[in-house]
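# Inside the fold
Spelled out, the chains give:
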Amino acid sequence: MSLSTLTALLTVAAAETEAHSDHPVPAWAIGLLTLAILVGLLVGLVAFGGGREHS
């Protein structure tokens, strides 16, 4: 059995196991948290750069 075949079999097995497991945190909550962090960083960047003159 070649390495690529073994890798493919392990990937399929992991995907099947992953599809049937319940995650403790829903995917939308992780996305919402990520969006909130990025928007917060953007607001901080605009606030920090708002008073500076263009160079």
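Structure: above.
The text that follows walks through the structure, step by step, so that each part is easy to find. (Residues numbered from 1 in each chain as written. Predicted model: local features only at pLDDT ≥ 70, side-chain atom pairs only at ≥ 80, totals over all residues. Heavy atoms only, no water.)

### Some words on the overall build of the chain
- Assigned secondary structure in the chain consists of two helices and zero strands.
- The buried share of the chain, taken over its 55 residues, is 0%.
- When the accessible area of the chain is evaluated, it comes to approximately 5200 Å², of which 72% is carbon and sulfur surface. (Helix = DSSP H or I, 4+ residues; strand = E, 2+ residues; numbered from the N terminus. Buried < 20%, exposed > 50% of the residue type's maximum accessible area, 1.4 Å probe, protein only. Areas by Shrake-Rupley, 256 points an atom, 1.4 Å probe, with all protein chains shown as cover.)

### Examining a nonpolar patch on the surface
- A cluster of nonpolar side chains, contributed by Trp28, Leu32, Leu35, Val39 and Val43, occupies part of the molecular surface with about 550 Å² of accessible area.
- Within the secondary structure, Leu32 sits in helix H2 (residues 27–49).
- For Leu32, a relative accessible area of 52% gives the class exposed. (Patch = residues over 30% accessible without salt bridge, like charges linked within 9 Å, V, L, I, M, F, W, Y side chains within 5 Å. Salt bridge = Lys/Arg side-chain N within 4 Å of Asp/Glu carboxyl O.)

### Looking at H2
- Compared with an ideal rise of 1.5 Å per residue, which puts 23 residues at 33 Å, H2 spans 33 Å between its outermost C-alpha atoms and is within 8% of the ideal.
- Of all 23 residues making up H2, only zero are buried, and the element is barely covered by its neighbours. (Expected span 1.5 Å × (residues − 1).)

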